[in-house]
Amino acid sequence: MLDASQAGCVNHPTKPAVLRCKQCGAGVCKQCIIPGPVGRYCSETCKQQHEAFVQKAQGAEQRVRNKRSIRWSALLRKLVITAGLIVGLGMLGTVFNIPVLSGIVFKIRMILGF
Ligand SMILES: [Zn+2]
Ligand SMILES: [Zn+2]
């Protein structure tokens, strides 16, 4: 919020500031606003600094998202391998007529629901 002591524009102390620079927080009058895609600033320098910061933050977020999806696909692969193993064991139990083996596999399949 703007308080009385800092209500002037950073470039024109006599003019009232209408907003604060998104990068450095300086008061800016209507005439001095530098508009950008993600905020308004007191100078080109601040605009560039903030845009670089936002881009970096978005890049980091993107990397986290990628990492997360990689973890999910690894989990899915493990699940598929486990399911395949269980089905394979069940077939083995049936083919070689091993009731204990197919019984265990049947129970696991009941629990997992497939
Ligand atoms: Zn600024
Ligand atoms: Zn100004």
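See the structure printed just above.
Residues numbered from 1 in each chain as written. Chains lettered and ligands numbered in written order. Predicted model: local features only at pLDDT ≥ 70, side-chain atom pairs only at ≥ 80, totals over all residues. Heavy atoms only, no water.

**Student:** Even after reading the chapter, I still don't get the overall build of the protein chain, so can you show me in this structure?
**Tutor:** Assigned secondary structure in the protein chain consists of 2 helices and 4 strands. Going residue by residue from the N terminus, the α and β elements of the protein chain occur as β-β-β-β-α-α. Rg of the C-alpha trace for the protein chain: 31 Å, well past the compact-globule value of 13 Å for 114 residues, more than 25% over. Expressed along its principal axes, the backbone C-alpha trace of the protein chain runs to roughly 95 × 25 × 15 Å. Classification of the 114 residues of the protein chain by burial places 18% in the buried group. Counting contacts in the protein chain only where the partners sit at least 6 residues apart, residues at least 24 apart contribute 10% of the total. Total accessible area on the protein chain is roughly 8800 Å²; 65% of this is exposed by carbon and sulfur atoms. In the protein chain, the 16 positive side-chain charges and the 4 negative ones have mean positions that sit 17 Å from each other. (Helix = DSSP H or I, 4+ residues; strand = E, 2+ residues; numbered from the N terminus. Rg over C-alpha atoms; globule rule 2.2 N^0.38 Å. Buried < 20%, exposed > 50% of the residue type's maximum accessible area, 1.4 Å probe, protein only. Contact = heavy atoms within 4.5 Å. Areas by Shrake-Rupley, 256 points an atom, 1.4 Å probe, with all protein chains shown as cover. Lys, Arg positive; Asp, Glu negative; His and termini not counted. Charge placed at Lys NZ, Arg CZ, Asp CG, Glu CD.)

**Student:** Would you mind showing me how to read a nonpolar patch on the surface here?
**Tutor:** A cluster of nonpolar side chains, Leu89, Leu92, Val95, Phe96, Ile98, Val100, Ile104, Ile108, Ile111 and Leu112, forms an exposed patch at the surface whose accessible area comes to about 960 Å². Residue assignment for the nonpolar patch shows that the elements contributing at least two residues are α1 (44-95) and α2 (99-112). If one sorts the elements of the nonpolar patch by residue count, α2 sits on top with 5 residues. Of note, Ile104 is situated in helix α2. Of the residues examined, Ile104 reaches a relative accessible area of 47% and is grouped as partly exposed. (Patch = residues over 30% accessible without salt bridge, like charges linked within 9 Å, V, L, I, M, F, W, Y side chains within 5 Å. Salt bridge = Lys/Arg side-chain N within 4 Å of Asp/Glu carboxyl O.)

**Student:** What am I meant to see in the coordination of the zinc ion (ligand 2) here?
**Tutor:** As a benchmark, a tetrahedral metal site with four donors has ideal angles of 109.5 degrees, while an octahedral site with six donors has ideal angles of 90 or 180 degrees. Ligation of the zinc ion (ligand 2) by protein atoms is provided by Cys9 (SG), His12 (ND1), Cys29 (SG) and Cys32 (SG), these donors lying 2.1 to 2.3 Å from the ion. Viewed at the metal, the 4 donor atoms of the zinc ion (ligand 2) are separated by angles of 97 to 115°, and the geometry they form is tetrahedral. Read N to C, the donor residues that coordinate the zinc ion (ligand 2) are spaced as C-x2-H-x16-C-x2-C. Of this pair, His12 sits in the segment before β1 (19-20) while Cys32 sits in the loop between β2 (27-28) and β3 (34-36), placing them 20 residues apart in sequence. Look at His12 and you get partly exposed, because its relative accessible area is 24%. (Donors = N, O, S within 2.8 Å, 3.2 Å for Na, K, Ca; no water. Tetrahedral: all angles 85-135°; square planar, octahedral: opposite > 155°, others 65-115°.)

**Student:** What should I look at first to understand the packing of α1 against α2 in this one?
**Tutor:** Between two packed helices, the angle of one axis relative to the other and the distance separating the axes together describe the packing. Close contact between α1 and α2 brings their axes to 8 Å; oriented N to C, the two are set at 145°. Relative to α2, the crossing made by α1 is left-handed. Taking contact as the criterion, the partners of Ile86, Leu89, Gly90, Leu92, Gly93 and Thr94 in α1 are, on α2, Leu101, Ser102, Val105, Ile108, Arg109 and Leu112. Broken down by class, the residue content of the contact of α1 with α2 amounts to 7 nonpolar, 4 polar and 1 charged. (Axes fitted to C-alpha atoms, helices over the stretch in contact; angles between N-to-C directions. Left-handed = near helix turned anticlockwise from the far one by under 90°. Nonpolar A, V, L, I, M, F, W, Y, C, P; charged D, E, K, R; others polar.)

**Student:** Help me understand the coordination of the zinc ion (ligand 1), please; the structure alone is not making it clear to me.
**Tutor:** Around the zinc ion (ligand 1), the protein contributes the donor atoms Cys21 (SG), Cys24 (SG), Cys42 (SG) and Cys46 (SG), at 2.2 to 2.3 Å from the metal centre. For the zinc ion (ligand 1), the 4 donor atoms in the first shell make angles of 105 to 115° at the metal, so the coordination geometry reads as tetrahedral. Each donor residue of the zinc ion (ligand 1) belongs to the same chain, with the gaps between them written as C-x2-C-x17-C-x3-C. Of the residues examined, Cys42 reaches a relative accessible area of 12% and is grouped as buried. The exposure class assigned to Cys46 is buried, which follows from its relative accessible area of 8%.

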